[in-house]
Amino acid sequence: MGYHTFDASRADKLERAGRRYRFLSAEELLWALSLSPEDTVADLGSGTGFFTDDVAPHAGEVYAVDVQEEMHEYYREKGVPENVDLVTSDVSDLPFDDGGLDAAFSTMTYHEFASDDALAEIERVLTSDGRLVVVDWAATGSGEYGPPVDERYSANEATDALRDAGFAIEHRAVRPETFLVIAALE
């Protein structure tokens, strides 16, 4: 699919904590990532850095990866933590060494980059015991929030794609509007 990216001119909407945490709390994301203080992590589709900021105090180095430089400009104006590097890149062509990341996560952006090429690239850059956390809008949701329902994946579609890319599914949860998948390299 990979339909659209979030309109950077509406970036302020991504900073509404009450709305963002309604669908994924910082605590749940940190639990899913299960980080060590020295881990290197990538936020895939980081946008304004909303969730990047939650992860940064718990990791050694964090890469905020977004395809839109305008999102990085917003993040710079907001203030970027010292251990966060901004990376303008498509997920299907990440500028990291093989096995260079301990973990990666995607919050509400999987539908924007989901492809065999992107999943192969994530698999390439993760360490042999690397972890991937995906939280995205579910195809079973109402469509009131997030992208149109026809641009979303179901949890089953996402887990099948991850398994095909060489990931083992450690945890899966389906909620009214979103799903959460924790995957590790096999």
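Residues numbered from 1 in each chain as written. Predicted model: local features only at pLDDT ≥ 70, side-chain atom pairs only at ≥ 80, totals over all residues. Heavy atoms only, no water.

Caption draft 1: Quick peek at the pattern of salt bridges. Per the counting criterion, the structure on display carries eight salt bridges. Of the charged contacts, one joins Arg175 and Glu28 as a salt bridge, the two residues approaching to 2.6 Å between their closest N and O atoms. Placement of the pair is Arg175 in the loop between strand S6 (167-174) and strand S7 (178-185) and Glu28 in helix H2 (residues 26-33), with a sequence separation of 147 residues. Assessed through its relative accessible area of 24%, Glu28 is described here as partly exposed. Note that Arg124 and Asp98 form a salt bridge whose closest N and O atoms lie 2.5 Å from each other. Of this pair, Arg124 sits in helix H6 (residues 116-125) while Asp98 is found in the loop between strand S3 (84-88) and strand S4 (101-107), placing the two residues 26 residues apart along the sequence. A relative accessible area of 26% places Arg124 in the partly exposed class. Each of Asp98, Glu121 and Arg124 takes part in a single network of salt bridges with overlapping partners. (Salt bridge = Lys/Arg side-chain N within 4 Å of Asp/Glu carboxyl O. Helix = DSSP H or I, 4+ residues; strand = E, 2+ residues; numbered from the N terminus. Buried < 20%, exposed > 50% of the residue type's maximum accessible area, 1.4 Å probe, protein only.)

Caption draft 2: Highlighting H2. Of the positions making up H2, those classed as buried are Ala26, Leu29, Ala32 and Leu33. Down the axis of H2, the buried set is contained in an arc of 130°. They therefore lie on one face. Directly beyond the C-terminal end of H2, a positive phi value near 50° is found at Ser34. (Arc of directions from axis to C-beta.)

Caption draft 3: Representation of the packing of aromatic side chains in the model. Going through the model one piece at a time under the given rule, you end up with eight aromatic pairs. Here the aromatic rings of Phe50 and Phe51 are separated by 5.0 Å at their centres, their planes lie at 85°, and the arrangement is edge-to-face. Side by side, Phe50 and Phe51 carry an identical accessibility label, which is buried. When the ring of Tyr110 is compared with that of Tyr153, the centres are 5.3 Å apart and the planes differ by 70°; the resulting orientation is edge-to-face. On the criterion of sequence distance, the pair formed by Tyr110 in helix H5 (residues 110-113) and Tyr153 in the loop between strand S5 (126-137) and helix H7 (155-164) is long-range, its members being 43 residues apart. (Phe/Tyr/Trp six-rings, centres within 6.5 Å; stacked < 30°, edge-to-face > 60°.)

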